[in-house]
Amino acid sequence: MSLLRQPILLLARSSGVKKLVSTMPVTSGIVTGYVPGESTAAAVEATGRLVDDGLTVTLDFLGEDTVDAEQAAATVAAYVEVLKALGERGLARRAEVSVKLSAIGQALPDVGDKVALENARTICRAARNAGTTVTLDMEDHTTTDRTLAVLRNLRKDFPETGAVLQAYLRRTESDCRSLAHEGSRVRLCKGAYNEPESVAFQDKIDVDKSYVRCLKVLLAGAGYPMIATHDPRMIAIAASLASRFGRATGTYEYQMLYGIRPEEQRRLAAAGETVRVYVPYGQEWYGYLMRRLAERPQNLTFFLRSLISKK
Ligand code: FAD
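Conventions and cut-offs
Residues numbered from 1 in each chain as written. Predicted model: local features only at pLDDT ≥ 70, side-chain atom pairs only at ≥ 80, totals over all residues. Heavy atoms only, no water. Helix = DSSP H or I, 4+ residues; strand = E, 2+ residues; numbered from the N terminus. Buried < 20%, exposed > 50% of the residue type's maximum accessible area, 1.4 Å probe, protein only. Contact = heavy atoms within 4.5 Å. Areas by Shrake-Rupley, 256 points an atom, 1.4 Å probe, with all protein chains shown as cover. Lys, Arg positive; Asp, Glu negative; His and termini not counted. Charge placed at Lys NZ, Arg CZ, Asp CG, Glu CD. Near = heavy atom within 4 Å. Polar contact = N/O pair within 3.5 Å; in protein donor to acceptor, adjacent residues only side chain to side chain. 1 Å grid on protein atoms, 1.4 Å probe; cavity = no way out; pocket = protein on both sides within 12 Å on 5 of 7 lines; lining within 4 Å. Sits in = over half its atoms within 2 Å of the grid points. Nonpolar A, V, L, I, M, F, W, Y, C, P; charged D, E, K, R; others polar. Points joined across faces, edges and corners; volume = space filled by probe spheres on them. Axes fitted to C-alpha atoms, helices over the stretch in contact; angles between N-to-C directions. Parallel < 35°, antiparallel > 145°, perpendicular 65-115°, else oblique.

Caption draft 1: Here's a closer look at the overall build of the chain. Regarding its fold elements, the chain presents 13 helices and eight strands. For the chain, the spread of C-alpha atoms along the three principal axes comes to 55 × 45 × 40 Å. Within the span of the chain, comprising 311 residues, buried residues form 54% of the whole. For the chain, contacts bridging at least 24 residues in sequence account for 73% of all contacts bridging at least 6. A total of about 13800 Å² of accessible surface is found on the chain, and carbon and sulfur atoms cover 54% of it. Treating the 41 positive side-chain charges of the chain as one cloud and the 36 negative ones as another, the clouds have centres 4 Å apart.

In structure tokens form, the structure reads like this:
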């Protein structure tokens with residue numbers, strides 16, 4: 001884990017910092033760099049632009065850790081609305097959605113898993129009607145087993161539903177083995193949360209080694225790997241493993257976040273690879289923005305400067 005990541009993620013929990021940052025306009029450069037807008041229209045418009053550039057998209061309606069059933073229902077409604085809009089605009093073949101279970105009820109006391117599963121089903125149904133799919137984002141390690149259980153359940157009716165595994169967790173290589181089967185879409189990322197040593201590798205080198213071991217399992221397997229990273233080394237290793245395992249382009253894909261290494265996204269797409277851009281949108285951009293800032297120390301100066309100039 002980087003030296004700066006932990007303090008930034010801790011600072012992000014302070015209510016004062018949250019209040020100050022959340023009242024920044026979405027049009028502030030630091031926000032628009034990572035989030036194209038707050039409305040369905042802004043999300044669909046950004047999708048159209050990326051698709052025109054030869055990319056594919058996964059849309060994430062921002063919001064997490066909801067402990068309010070009404071807010072969870074509003075998030076489901078937002079997904080249904082955006083999926084309908086993608087279908088109507090003819091974009092559903094090139095754009096899917098990513099969903100955090102904690103945004104649709106998983107964190108509700110007692111009934112969380114049941115509510116999250118029902119809500120996820122509603123979104124999967126809307127996705128299927130529009131002609132596309134859903135991927136379940138992965139959150140902190142306390143939710144991994146529960147999220148994988150919801151995934152197994154959902155896949156009975158919606159086998160096309162994608163999973164996410166995080167290479168920084170010690171358990172992930174084994175989870176990759178369980179999920180590297182025919183028809184299984186698995187996004188492999190490094191992991192974005194602040195996790196304890198008991199469950200997660202702490203040094204970048206160990207996370208990277210784990211990422212490569214997981215890549216080998218997924219690319220050698222029969223599923224559809226979704227290689228989510230901006231790391232040039234991981235991308236080069238993935239390309240050479242794909243060729244070693246005789247993987248044709250289109251039997252796996254690369255994924256990157258909106259606004260990060262856009263020129264690399266276009267380079268890979270121009271080379272014939274499938275590249276999916278993760279596009280977060282909505283008003284609840286705070287947690288997402290703080291995780292992105294924590295990943296890149298250079299962002300911190302820029303961020304602090306924009307806070308100071310706001311005061
Ligand atoms: P790093 O080693 O962090 O970065 C490699 C290089 O990428 C850096 O040197 C820099 O050049 C560039 N870079 C990385 N981050 C930034 C940044 N913020 N700003 C500018 N440049 C940057 N995590 C989860 O825990 N759960 C999920 O469900 C999840 N879904 C994801 C979906 C997608 C499509 C992607 C791309 C990531 C997802 N993540 C998720 C986040 C992921 O776990 C990492 O936190 C994030 O991708 C940074 O890791 P990296 O692989 O890019 O490598």
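Following the structure, the description resumes.
Caption draft 2: Structural context of the site of the ligand. Around the ligand lies a shell of 25 residues, among which Met-138, Gly-191, Thr-229, His-230 and Glu-295 are the nearest. Met-138 is positioned with one of its backbone polar atoms (N or O) 2.8 Å from a nitrogen atom of the ligand. Here a nitrogen atom of the ligand sits 3.0 Å away from a polar atom, N or O, in the side chain of Arg-187. For the ligand, the accessible surface in isolation is 930 Å², of which the surrounding protein chains cover 86%. Assessed atom by atom at 2 Å from the grid points, the ligand resides in the largest pocket. It is strand β7 (residues 253-257) that provides the largest number of residues to the shell around the ligand, a total of three residues. Tallied by class, residues from the shell around the ligand come to 11 nonpolar, six polar and eight charged.

Caption draft 3: Highlighting the layout of surface pockets. Taken as a whole, the largest pocket encloses approximately 1300 Å³ of empty space. Taken together, 42 residues form the lining of the largest pocket, with Lys-190, His-230, Leu-257, Arg-292 and Glu-295 sitting closest to its centre. Secondary-structure elements contributing two or more residues to the lining of the largest pocket are β4 (163-166), β5 (185-189), α9 (204-220), β7 and α12 (286-295). It is α12 that contributes the most residues to the lining of the largest pocket, five residues altogether. When the residues that make up the lining of the largest pocket are grouped by side-chain class, the tally is 18 nonpolar, 10 polar and 14 charged. Computed from the structure, the second largest pocket encloses a volume of approximately 700 Å³. Surrounding the second largest pocket, 24 residues form its lining, Glu-64, Asp-65, Tyr-193, Gly-287 and Arg-291 being those nearest its centre. For the lining of the second largest pocket, the secondary structure elements donating two or more residues are α1 (5-12) and α12. Considering every element that reaches the lining of the second largest pocket, the biggest residue donor is α12, with four residues. Here the lining of the second largest pocket is built from residues that sort into eight nonpolar, six polar and 10 charged.

Caption draft 4: Structural context of the packing of helix α5 (residues 69-88) against helix α6 (residues 112-130). Across the interface, α5 lies against α6 with an axial gap of 9 Å and an inter-helix angle of 5°. Comparing their axes, α6 and α5 come out roughly parallel. From α5, Ala-72, Val-76, Tyr-79, Val-80, Leu-83 and Gly-87 reach across to α6, where they touch Asn-119, Thr-122, Ile-123, Ala-126, Ala-127 and Ala-130. Tallied by class, residues from the contact of α5 with α6 come to nine nonpolar, three polar and no charged.

Caption draft 5: Here's a closer look at the environment of Arg-121. Tracing the backbone through its elements, the reader meets Arg-121 in helix α6. Between the C-alpha atoms of Arg-121 and Asn-153, which are 32 residues apart in sequence, the distance is 9.6 Å. Among all residues touching Arg-121, those that are not within four sequence positions of it are Asn-153, Leu-154, Asp-157 and Phe-158.

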